[in-house]
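Inside the fold
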Amino acid sequence: GCARDWDGLTCWPRATVGEVVRLPCPRFFEEITNIHGKTFFPRNCTQEAYWTEPFPPYTVACGFDEGSSKGPEDQKSYYSAFWRVYTAGYAASMTSLITALIVFAAFRKFHCTRNYIHMHLFVSFILRAIAVFTKDAVLFADETMDHCLMSTVSCKAAVAFFQFSILANFFWLLIEGIYLQTLLLLTFVSDKQYVWWFIFTGWGAPTAVMLAWVLTRIHQQNTGCWDDDENGVVLWIIKGPILLTVLINFIIFINVIRILVHKLKSQEGGGSHSSHFLRLAKSTLLLIPLFGVHYIVFAFFPESTGLEARLYIELGLGSFQGFVVALLYCFSNAEVQSELKKQLCKWQYQEYLNFTHKHGTLSRENSPVNYVTQLSLLEKISPKRKTSGYQKGVTTV
């Protein structure tokens, strides 16, 4: 029969001689064409145990318009450019988040519950960036790679780590929202009692979901590198918790904005509407990246809906989300800036003291007074010289 074959777009399974295999069009054709849903096209296994070319070809079977301005090569260059954009975004996010993490960890002044939660969120963003780079390196580094035969432990581990990092990131975005609402609603509460519950939920829940997903994959759909289309049960093990966190966080976001509006009105009863609006707009813009509100736009739509816009929002903007969070909640924070300036002045003063001490020591070592002092010390510590006969004679006289 015919061996398993990767034609660059689809993985064709083994087939016996004379067998006709029908497979659906690859999912990315839904973005190029206006055809949505599954369209099947056949391929035969000949008597010579060779596969025939798909007939009709991909362009016809999958509804691709030959006169379209966005051909497969244009589409490839488009995705390549987009890959460069989100790679730069994740690299910028990872660099800024690691720096912010070091700043929060280095200064004891920043060791508080709020910043502990920020630090865990930073770690989840860093893991997400590392997971994206790892997945791209393992699965897409070699364009000639046979994806039919690629089913190694390393590539499955890379995909599993990628899914875990996504889950952990969404759960820590939810923890940030819950913690902020807790502070706004409960004024006289000791937030330290909630820290361990937050940590347990932020890392424990994604771990439990990932164990369920991996076990289900192994027993129900252990195909390829676990990056292919998933059936209903396997898909919703990951997608369900993510949609739930996005929905809860959006509700918390709306409630927090409502609380902020109420507090602004009560604090500035006689103030102008424009000042209220500006403060509210600033607070809202600060909360959007922290809550991940932009994910609600396509959260409850089918995967084929607005694929280009989804790429811009979830990959383009999402890749820079960590950078924006680090910028807003660490580098733009007045308290952090003040502490860094104080530490910088302290370092400069210490360098000045070291320089003056060193310069003063060299000056004393090179002064004429120091030479006289050294000679007198030599006279004191050297053995007494024998007096000459002449000196003895003079003395006797």
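As a starting point, this report considers the structure included with it. Keep in mind that this is a model prediction, so the values were computed, not measured.

Cut-offs used in this document
Residues numbered from 1 in each chain as written. Predicted model: local features only at pLDDT ≥ 70, side-chain atom pairs only at ≥ 80, totals over all residues. Heavy atoms only, no water. Helix = DSSP H or I, 4+ residues; strand = E, 2+ residues; numbered from the N terminus. Buried < 20%, exposed > 50% of the residue type's maximum accessible area, 1.4 Å probe, protein only. Contact = heavy atoms within 4.5 Å. Areas by Shrake-Rupley, 256 points an atom, 1.4 Å probe, with all protein chains shown as cover. Expected span 1.5 Å × (residues − 1). Phe/Tyr/Trp six-rings, centres within 6.5 Å; stacked < 30°, edge-to-face > 60°. Lys NZ or Arg CZ within 6 Å of the ring centre and 35° of its normal. Disulfide = S-S within 2.5 Å. Salt bridge = Lys/Arg side-chain N within 4 Å of Asp/Glu carboxyl O. Core = buried A, V, L, I, M, F, W, Y, C linked by side-chain atoms within 4.5 Å.

Turning next to the overall build of the chain. A count of helices and strands for the chain gives 12 helices and 4 strands. Split into buried and exposed, the 397 residues of the chain put 36% on the buried side. Expressed as a percentage of contacts within the chain between residues at least 6 apart in sequence, the contacts between residues at least 24 apart total 68%. For the chain, the computed accessible surface area is about 24000 Å², with 65% contributed by carbon and sulfur atoms.

What follows covers helix H5 (residues 153–185). The terminal C-alpha atoms of H5, which comprises 33 residues, lie 47 Å apart, in line with the 48 Å expected from a rise of 1.5 Å per residue. Counting buried residues along H5, 24 of its 33 residues qualify, which places the element largely inside the surrounding structure.

What follows concerns the packing of aromatic side chains. Within the structure shown, the criterion is met by 8 aromatic pairs. Seen in terms of ring centroids, Tyr 86 and Tyr 90 are 6.2 Å apart; in terms of plane orientation they differ by 80 degrees. Their pairing is edge-to-face. Here Tyr 90 and Tyr 86 lie together in helix H3 (residues 72–106), a separation of 4 residues that amounts to about one turn. Connected via pairs of aromatic rings, a cluster forms that spans Phe 104, Phe 107, Phe 110 and Phe 122. If you follow Lys 239 out to its NZ or CZ, it ends over the ring of Trp 236, 5.3 Å from the centre.

Per the counting criterion, the structure on display carries 2 disulfides. Linked covalently through their sulfurs, Cys 2 and Cys 45 form a disulfide whose S-S length is 2.1 Å. Judged by the sign of its S-S torsion, about 100 degrees, the bond between Cys 2 and Cys 45 is right-handed. Separated by 43 residues along the polypeptide, Cys 2 in the segment before strand E1 (5–6) and Cys 45 in the loop between strand E4 (40–44) and helix H2 (58–61) bring together distant segments of the chain. Using a relative accessible area of 2% as the deciding quantity, one classes Cys 45 as buried. At a sulfur-sulfur separation of 1.8 Å, the disulfide partner of Cys 155 is Cys 225. Its S-S torsion of approximately -95 degrees makes the covalent link between Cys 155 and Cys 225 left-handed. Pair noted here: Cys 155 is in helix H5 and Cys 225 is in the loop between helix H6 (192–220) and helix H7 (232–267), with a separation of 70 residues, a long-range link. Cys 225 matches Cys 155 in its accessibility class, with the two residues each being buried.

We now examine the pattern of salt bridges. Inspection of every chain in the model, using the stated rule, returns 3 salt bridges. Residue Lys 109 is joined to Glu 339 by a salt bridge in which the shortest nitrogen-to-oxygen separation is 3.5 Å. With Lys 109 in the loop between H3 and helix H4 (113–139) and Glu 339 in helix H10 (residues 334–366), this pair connects stretches of sequence that are 230 residues apart. Glu 339 gets classed as buried once you look at its relative accessible area, which sits at 12%. Between Arg 114 and Glu 335 there is a salt bridge, with its nearest N and O atoms 3.9 Å apart. Taken together, the positions of Arg 114 in helix H4 and Glu 335 in helix H10 put the pair 221 residues apart, joining distant regions of the chain. Taken together, the salt bridges that share partners define one network made up of Lys 109, Glu 339 and Lys 342.

A separate point is the nonpolar core. A general feature of soluble globular proteins is that nonpolar side chains tend to end up buried together. By size, the foremost hydrophobic cluster in this structure holds 62 residues, and its most contacted members are Trp 213, Leu 287 and Phe 291. Within the residue set of this core, elements represented by two or more residues are H3, H4, H5, H6, H7, helix H8 (273–291) and helix H9 (307–331). Ranked by residues supplied to this core, first place goes to H5 with 15 residues. Membership of the second largest hydrophobic core comes to 9 residues, among which are Cys 2, Val 21, Leu 23 and Phe 41.

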